[in-house]
Amino acid sequence: MATAGKVIKCKAAVAWEPNKPLVIEEIEVAPPQINEVRIKIVATSVCHTDLYHLLESMHPDGFPTVLGHEAAGIVESVGPGVTEYQPGDKVIPLFIAQCRECRFCKDQRTNQCVKAWRATDRPGVMAPPETRLTCKGKTLLQFVGTSTFSEYTVVNVMAVAKIDPAAPLDKVCLIGCGVCTGYGAAVNTAKVEPGSTCAVFGLGGVGLAAIMGCKNARAKRIIAVDINPDKSEKAKVFGATDFVNPKDHDKPISQVLAEMTNGGVDFSLECTGKVEVMRSALESCIPGWGVSVVVGWTDLHDISTRPGQLIAGRTWTGSAFGGFKGRDAVPGMVKAYLDKKVMLDEFITHKLTLEQVNDAIEMMKTGKCIRTVLNVSPE
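Predicted model, so just to flag it, every value in this text is computed and none were measured. (Residues numbered from 1 in each chain as written. Predicted model: local features only at pLDDT ≥ 70, side-chain atom pairs only at ≥ 80, totals over all residues. Heavy atoms only, no water.)

Trainee: Looking at this model, I keep getting lost on the pairing of strand 2 (residues 23-29). Mind explaining?
Mentor: For a regular strand, side chains alternate in direction, first toward one face of the sheet and then toward the other. Pairing between strand 1 (residues 8-15) and strand 2: seven bridges, direction antiparallel. Each residue of the ladder has a partner; that of K9, found in strand 2, is E28. Pairing of strand 2 with strand 7 (residues 133-135), which is carried by two bridges, proceeds in the antiparallel orientation. Residue pairing in the sheet places V29 in a bridge with L133 of strand 7. (Pairing = 2+ DSSP bridges. Helix = DSSP H or I, 4+ residues; strand = E, 2+ residues; numbered from the N terminus.)

Trainee: Can you help me understand the pairing of strand 18 (residues 371-375) in this one?
Mentor: Most of strand 18 sits out of view: four of its five residues are buried. Here three bridges tie strand 3 (residues 36-45) to strand 18, and the two strands are oriented antiparallel to one another. Bridged to A43 within strand 18 is N375. Note: strand 17 (residues 348-353) against strand 18, five bridges, orientation parallel. (Buried < 20%, exposed > 50% of the residue type's maximum accessible area, 1.4 Å probe, protein only.)

Trainee: Just checking my understanding: could you explain the environment of S147 for this structure?
Mentor: By secondary structure assignment, the location of S147 is in the loop between strand 8 (138-142) and strand 9 (152-156). Each C-alpha atom, one on S147 and one on V187, is 28 Å from the other, the two residues being 40 residues apart in sequence. With near-sequence residues (within four places) excluded, S147 lies in contact with V66, L67, G68, L133, L141, Q142 and T153. Within polar-contact distance, the side chain of S147 engages the backbone nitrogen of F143 at 2.9 Å. (Contact = heavy atoms within 4.5 Å. Polar contact = N/O pair within 3.5 Å; in protein donor to acceptor, adjacent residues only side chain to side chain.)

Trainee: Whenever I open this one, the sheet that holds strand 14 (residues 267-270) confuses me. Can you help?
Mentor: Whenever strands of a sheet pair, they do so through backbone hydrogen bonds, lying parallel or antiparallel. If you walk across this open sheet you meet the six strands as 13-12-11-14-15-16, and the pairing is parallel. The open sheet terminates on both sides in strands that have one partner only, identified here as strand 13 (242-244) and strand 16 (315-318). Geometrically, the sheet is characterised by an average inter-axis angle of 20 degrees between neighbouring strands, direction not taken into account. For strand 11 (residues 197-201) and strand 12 (residues 221-225), the ladder comprises five bridges, and the chain directions are parallel. Following the sheet pairing, V200 is matched in strand 12 by A224. Helix-sheet contacts for helix 4 (residues 178-190) involve strand 14, strand 15 (291-294) and strand 16, and the interaxial angle to strand 15 is about 135 degrees. (Axes fitted to C-alpha atoms, helices over the stretch in contact; angles between N-to-C directions.)

Trainee: When you look at helix 1 (residues 48-57) in this model, what are you seeing that I'm missing?
Mentor: At 3.6 residues per turn, the α-helix brings residues three or four places apart onto the same side. Most of helix 1 is tucked away, with seven of its ten residues classed as buried. When helix 1 is considered as a whole, its buried residues turn out to be T49, D50, L51, Y52, H53, L54 and S57. As for helix 1, its buried residues are in contact with strand 1, strand 3, strand 4 (65-66) and helix 11 (357-365). M58 lies just past helix 1 and shows a positive phi near 50 degrees.

Trainee: Honestly, the packing of aromatic side chains in this entry has me stumped. Any pointers?
Mentor: Two aromatic rings, taken as a pair, are described by how far apart their centres are and by the angle between their planes. Taken as a whole, this structure holds four aromatic pairs when the rule is applied. Arranged with centres 5.3 Å apart and planes meeting at 75 degrees, the rings of F95 and F321 form a pair that is edge-to-face. One end of the pair, F95, is in the loop between strand 6 (90-93) and helix 2 (114-120); the other, F321, is in the loop between strand 16 and helix 10 (326-338), with 226 residues separating them in the sequence. Taking the relative accessible area as the measure of exposure, F95 reaches 23% and is therefore partly exposed. What makes F321 buried here is its relative accessible area of 2%. A ring pair is formed by F321 and F324, whose centres lie 6.5 Å apart and whose planes are at 70 degrees; its orientation type is edge-to-face. You'll find F321 and F324 in the same group, each marked buried. By way of ring pairs, the aromatic residues F95, F321 and F324 are connected into one cluster. Taking NZ or CZ as reference, R103 lies 5.3 Å from the ring centre of F104, over its face. (Phe/Tyr/Trp six-rings, centres within 6.5 Å; stacked < 30°, edge-to-face > 60°. Lys NZ or Arg CZ within 6 Å of the ring centre and 35° of its normal.)

Any functional reading would require information beyond the geometric quantities listed.
Structure representation (structure tokens):
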């Protein structure tokens, strides 16, 4: 492309400081360096992790930054040494990289990656030290190495998945985080079994994807748990058989679920990022074999339970990006959507422009949307 090798000036939503509205600015995006890819972002959606960094964590060293990590786009140019991707490829950026070389990448038991840790392991900052983004002479951090609230971004090849050219980018962008995170937590991490009983706590995009995973794993009963009664019907679309609002009961939700299921659910998935819900989800599992998966992200508080809950035979584990190895698995998830084996359209409740990003943030903050897709650039 004509822009290859040149600095690109484009629009981006910049978070100059925590807990303040994002500002649409003209930024500069440098050309990709060795083993990097510059991507034109076509569509991105707002995930709760963006809100967590902006409104909850608010770590001062994590700003200024360009948020966004759930997106899809087209390769504009590649840096030296890049052979796997070429201009024009449709891709999904990945917030968890896959180098394919370290001991973790070579082990099927995890989707963690040593090289990804080295790039982003800075508590509270949630960004690698290097960035290709600047604005008004100031360096902009690249949130979790992606920064998709921008018309262009630069990503390491370890964090890019090449996808089917037939894929609609304004739909498959959801695969970049929320859908894989919830769906994979059910099928990869919990390993939900046919005929089992499941409970999913929190019915945002991740929780609804977890319900879809439980259904596709042929769970017999899927109990959706949320304090927002408006989420009930949406949960049924994805496969929930029951809906429980903890506010409707004067006893702990774990006791409610135990009474509903003859002692507790086989699998529970916590998708809120709230530590008190994580405990409730664990204690809702049946003793002996119950498995509870922590899916929602927070790094602000400790989790706790009584040792007897685990001694009784429950398993408490966690899941990042649904256990998917991104470069290998994301293309398959896109194909599953194209083959109508997973749903995406049903998650999208609103479509806005990049300039309306603060409206999208407000809707997610107040629970008035499931996923809002921002149209950033034309395909």
